[in-house]
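Architecture and fold: a report
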Amino acid sequence: METIIKMYQHLDWANLRILETLKTMGDHNSEAKRLFSHILLAEEVWLLRIKGLDSNPQEIWTELSLEKCSNLLAKNKQGFSELLGGLSETDIIVYKNSTGKKFSTAVQDILTHVALHGQYHRGQINRLLREEGFEPVNLDYITFVR
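To start, this report covers the structure provided alongside it. Predicted model, so just to flag it, every value in this text is computed and none were measured.

1. Remarks on the nonpolar core
Membership of the largest hydrophobic core comes to 21 residues, with the highest contact counts inside it found for Ile18, Leu19, Leu22, Phe36, Leu40, Cys69 and Ile125. Contributions of two or more residues to this core are made by α1 (2-25), α2 (30-50), α3 (66-84) and α4 (107-131). In terms of residue count, the dominant contributor to this core is α2 (six residues). Apart from residues lying up to four places away in sequence, phenylalanine 36 is in contact with Asn15, Ile18, Leu19, Leu22, Cys69, Leu73 and Ile125. Phe80, Leu87, Tyr95 and Leu111 belong to the second largest nonpolar core, which has 18 residues in total.

2. What about the side chain of asparagine 76?
Note on placement: asparagine 76 falls in helix α3. Note on asparagine 76: relative accessible area 1%, which makes it buried. Here leucine 40 takes part through its backbone oxygen, which lies 2.9 Å from a polar atom of the side chain of asparagine 76. Dropping the residues within four chain positions of it, asparagine 76 is found in contact with Leu40, Glu43, Glu44 and Leu47.

3. Side note on the packing of α2 against α3
Where α2 contacts α3, the axes come no closer than 10 Å and their chain directions differ by 35°. Crossing hand, α2 versus α3: left-handed. Here Lys33, Phe36, Ser37, Leu40, Leu41, Glu43, Glu44, Leu47 and Ile50 of α2 come into contact with α3, specifically with Leu66, Cys69, Leu72, Leu73, Lys75, Asn76, Gly79, Phe80 and Leu83. Of the residues assigned to the contact of α2 with α3, the class counts are eleven nonpolar, three polar and four charged.

4. With respect to the layout of surface pockets
In this model, the largest pocket occupies a volume close to 180 Å³. Together, Ala42, Val45, Trp46, Arg49, Ser55, Asn56, Gln58, Ile60, Ser98, His113, Val114 and His117 line the largest pocket. For the lining of the largest pocket, the secondary structure elements donating two or more residues are α2 and α4. When residues in the lining of the largest pocket are grouped by element, the largest group, four residues, is from α2. Of the residues that constitute the lining of the largest pocket, the class distribution is five nonpolar, six polar and one charged.

Cut-offs and rules
- Residues numbered from 1 in each chain as written.
- Predicted model: local features only at pLDDT ≥ 70, side-chain atom pairs only at ≥ 80, totals over all residues.
- Heavy atoms only, no water.
- Core = buried A, V, L, I, M, F, W, Y, C linked by side-chain atoms within 4.5 Å.
- Buried < 20%, exposed > 50% of the residue type's maximum accessible area, 1.4 Å probe, protein only.
- Helix = DSSP H or I, 4+ residues; strand = E, 2+ residues; numbered from the N terminus.
- Contact = heavy atoms within 4.5 Å.
- Polar contact = N/O pair within 3.5 Å; in protein donor to acceptor, adjacent residues only side chain to side chain.
- Axes fitted to C-alpha atoms, helices over the stretch in contact; angles between N-to-C directions.
- Left-handed = near helix turned anticlockwise from the far one by under 90°.
- Nonpolar A, V, L, I, M, F, W, Y, C, P; charged D, E, K, R; others polar.
- 1 Å grid on protein atoms, 1.4 Å probe; cavity = no way out; pocket = protein on both sides within 12 Å on 5 of 7 lines; lining within 4 Å.
- Points joined across faces, edges and corners; volume = space filled by probe spheres on them.

Here it is, written out as structure tokens:
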């Protein structure tokens, strides 16, 4: 779990860096904001599922305001922090996806998925920033640990 905890510390740091960059851009790039909203909304869905709460019908492709992104970022950070403190590597949850199909998955695998999912979309956001003439955000893990 130590590696997953570090991944979530990096996730929080990277999300905050993207949020701050998007704030400096204003409403210049709606697609970047939509992708960032998606990251945060997907994190929220997985938190709900892990906690055994209903995550449907949670719309994960809604564009949020930067203020709502900021609030959700803080809420997710707290939720994952609390969750990571009480998990075992063998914990498994049963949940339903957005179509109602039932799954049983190790929480460790879900947490890895969520962290990698966010990094994938933050990479897309950086590509959009570059295309719009903005400097991409350095989100490398090695930069985070320095």
